[in-house]
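Take a look at the letters that make up each chain.
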Amino acid sequence: MTILSAEGVSFAYGDDVVLDGVTFSLDAGEFVALVGPNGSGKSTLLRILLGLLRPSTGRVRVFGEDPADLHDRWRLGYVPQRPALAREVPASVEEVVAAGRLARIGWRGRMGAADRIAIDHALEAVALRDLRDRPVSELSGGQQQRSFIAKALASEPELLVLDEPVAGVDAESQKRFADSLTHLVDEHGAGVLLVSHELHAVAHALDRVLVLKRKIVFDGPPSEMNGVGRADLPVWLEGLG
Amino acid sequence: MLPFPFDRDYMQLALLAGVVVGACAPLIGTFLVQRRLSLLGDGIGHLAFAGVAAGLLLGIWPVWAALVVAVVGALSLERLRSRGRASGDLALALFFYSGIAGGVVLVGLSDSYNAGLLTYLFGGILTVTRSDVLVVAGLGVVIVTAVVVCGRALFAVVLDEESSRVGGLPVDGLNSLLAVLAAVTVVAAMRVVGILLVAALMVLPVATAQVLARSFRATLWLSAAVGVAAVVLGLAAARIWGLAPGGTIVLVAAAAFGVTSVVFGRHHVRTGVLGG
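Draft legend 1. Structural context of the overall build of chain B. What chain B contains, in helices and strands, is 11 helices and 0 strands. Going from the N terminus to the C terminus, chain B shows its helices and strands as α-α-α-α-α-α-α-α-α-α-α. Against the compact-globule benchmark of 19 Å for 276 residues, chain B has a radius of gyration of 18 Å, which places it among compact chains. In terms of principal-axis extent, the alpha carbons of chain B reach across some 50 × 45 × 35 Å. Burial analysis of chain B (276 residues in total) assigns 54% to the buried set.

In structure tokens form, the structure reads like this:
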């Protein structure tokens with residue numbers, strides 16, 4: 001079942017065309033990586049997919065709805081790129097993760113037993129249960145990033161979108177991160193769209209790779225990436241195939 | 001009857017108003033500090049100054065005039081910031097100087113110099129009346145209720161605005177609510193420490209709490225406790241040694257941060273907490 005689709009999506013900042021007829025889809029239970037060099041339009045495409053930006057032309061559907069008007073927003077989880085300010089907020093790991101649950105219960109909602117169980121599961125998925133009371137500011141970069149992934153997992157999303165979640169993160173955290181994503185896909189049947197330059201840790205688990213250079217220039221399994229031209233394989237595709 | 005130095009009626013009224021402000025100002029300040037809007041209270045304070053001047057000129061109770069101007073100004077400031085038409089500090093500067101200039105012009109329009117203005121600029125906690133205390137308490141109830149009901153959502157927005165928006169939280173509404181609460185806090189606090197020092201009570205107790213607390217919830221309530229302690233000790237010191245109470249309260253709050261930082265020895269003066 002298709003849970004995310006983009007059809008002929010284009011976007012321009014003034015005369016600068018950033019996206020030109022981007023078309024792809026993602027099914028439930030699929031683990032897909034979106035890669036591309038700097039300036040290829042990844043961030044813009046991500047903002048359009050999340051409903052934070054309107055495309056100039058084309059159409060995006062998330063669970064069959066316009067992402068800006070999505071009713072059950074908890075179904076769409078998002079891990080942003082380096083929330084620098086958040087790392088300095090004097091909050092415990094559990095508080096950060098619990099904040100993600102608001103997407104499920106509403107901003108005025110009260111936490112019940114089911115919510116606390118979901119928060120426990122999210123902490124367990126990223127192996128931070130033992131550090132739940134620790135201030136986020138006292139964690140390593142990798143642990144901090146995992147706490148923000150758990151925040152997104154706390155709403156039990158059916159589609160998880162991650163923007164460069166492991167940039168600068170240690171190998172151990174990358175492995176934990178890969179395990180938590182494969183768990184989400186295999187056990188819960190969720191779809192995952194991962195935007196990242198560093199795919200070593202997840203390469204084995206990917207169903208497809210989308211290569212974006214203003215438009216989708218490759219859409220297929222990592223093993224078929226050889227046909228794209230490994231000779232000029234840039235750093236951002238290392239770890240695949 | 002309370003013991004010295006709170007044995008007089010005027011000291012008890014001051015204590016009541018001060019405790020409410022001492023608890024509420026850091027509650028709102030905790031959210032502002034995390035968003036690096038520590039000086040928002042100052043900006044709104046200057047708008048409140050224009051409101052006080054307008055009230056004195058028009059014969060309206062200055063507190064109500066200040067409340068209207070501060071709330072409208074805070075909402076405009078938030079709108080300017082969120083639309084990206086001015087960065088946070090530029091938007092603050094715009095309102096900071098417009099407020100003080102508006103106040104100066106309005107004071108100039110008065111037929112005579114109004115001494116009442118000074119009690120708003122520098123605080124006049126020892127002259128608060130029972131009706132002042134009731135108004136401050138009412139504003140305090142609004143602030144505490146809002147924090148209890150919306151605190152979790154405000155915290156989520158502080159953590160990350162974009163993912164909160166994706167998660168369906170009413171981010172614009174919550175930001176506007178925080179701006180309005182900051183305006184209400186400034187107006188409630190201006191009779192206690194004065195417009196010139198109002199932001200200090202919103203920031204200094206938070207800085208102290210952050211040194212000690214290990215969670216956001218603890219920071220929130222500990223900062224309120226530090227704010228109350230600063231007011232009680234500051235008022236007592238002012239009565240005993242004949243000092244200006246507003247300034248003394250703020251100096252106690254600053255000393256609390258200094259002592260806490262030295263004793264607990266961790267470097268917690270971060271960007272956005274005390275500027276820099």
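Draft legend 2. Local environment of helix α1 (residues 42–49) of chain A. Residues and elements named next belong to chain A. In terms of residue burial, α1 counts as a mostly covered element, since 6 of its 8 residues are buried. If you check which residues of α1 are buried, you get Lys42, Thr44, Leu45, Leu46, Ile48 and Leu49. Once α1 ends, the next one or two residues include glycine 51, with phi positive near 85°.

Draft legend 3. Highlighting helix α10 (residues 216–241) of chain B. End to end, α10(B) covers 37 Å across 26 residues, agreeing with the expected 38 Å (1.5 Å per residue, within 8%). Backbone geometry just downstream of α10(B) places Gly242(B) in the positive-phi region, at approximately 65°.

Draft legend 4. Fine view of the nonpolar core. Residue and element names in this part refer to chain B. In terms of nonpolar packing, the biggest core is built from 174 residues, with Val21, Ala48, Ala70, Ala182, Val187 and Leu201 touching the most fellow members. The greatest single-element share of this core, amounting to 15 residues, is contributed by helix α1 (residues 9–34). Look past the residues within four positions of alanine 70 in its chain and what remains in contact with it is Ile44, Leu47, Ala48, Gly51, Ala183, Val186 and Val187.

Draft legend 5. Main features of the packing of α1(B) against α10(B). Residues and elements named next belong to chain B. One way to put it is that α1 packs onto α10 with a least axis distance of 7 Å and a crossing angle of 150°. Regarding the angle of α1 to α10, the classification is roughly antiparallel. Taken as a pair, α1 and α10 cross one another with a handedness that is right-handed.

Draft legend 6. Region of interest: the packing of helix α3 (residues 93–100) of chain A against helix α6 (residues 141–153) of chain A. Residues and elements named next belong to chain A. Look at α3 against α6: their axes get within 6 Å of each other, and the N-to-C directions meet at 35°. Read as a crossing pair, α3 and α6 show a hand that is right-handed. Where α3 abuts α6, its residues Val93, Val96, Val97, Ala99 and Gly100 lie against Ser147, Phe148, Ala150, Lys151 and Ala152. Looking at the contact of α3 with α6 residue by residue, the class counts come to 7 nonpolar, 2 polar and 1 charged.

Reading the values: rules and limits
- Residues numbered from 1 in each chain as written.
- Chains lettered and ligands numbered in written order.
- Predicted model: local features only at pLDDT ≥ 70, side-chain atom pairs only at ≥ 80, totals over all residues.
- Helix = DSSP H or I, 4+ residues; strand = E, 2+ residues; numbered from the N terminus.
- Rg over C-alpha atoms; globule rule 2.2 N^0.38 Å.
- Buried ≥ 20, exposed ≤ 12 C-beta atoms within 10 Å, placed from the backbone.
- Expected span 1.5 Å × (residues − 1).
- Core = buried A, V, L, I, M, F, W, Y, C linked by C-beta atoms within 7 Å.
- Contact = placed C-beta atoms within 7 Å.
- Axes fitted to C-alpha atoms, helices over the stretch in contact; angles between N-to-C directions.
- Parallel < 35°, antiparallel > 145°, perpendicular 65-115°, else oblique.
- Left-handed = near helix turned anticlockwise from the far one by under 90°.
- Nonpolar A, V, L, I, M, F, W, Y, C, P; charged D, E, K, R; others polar.

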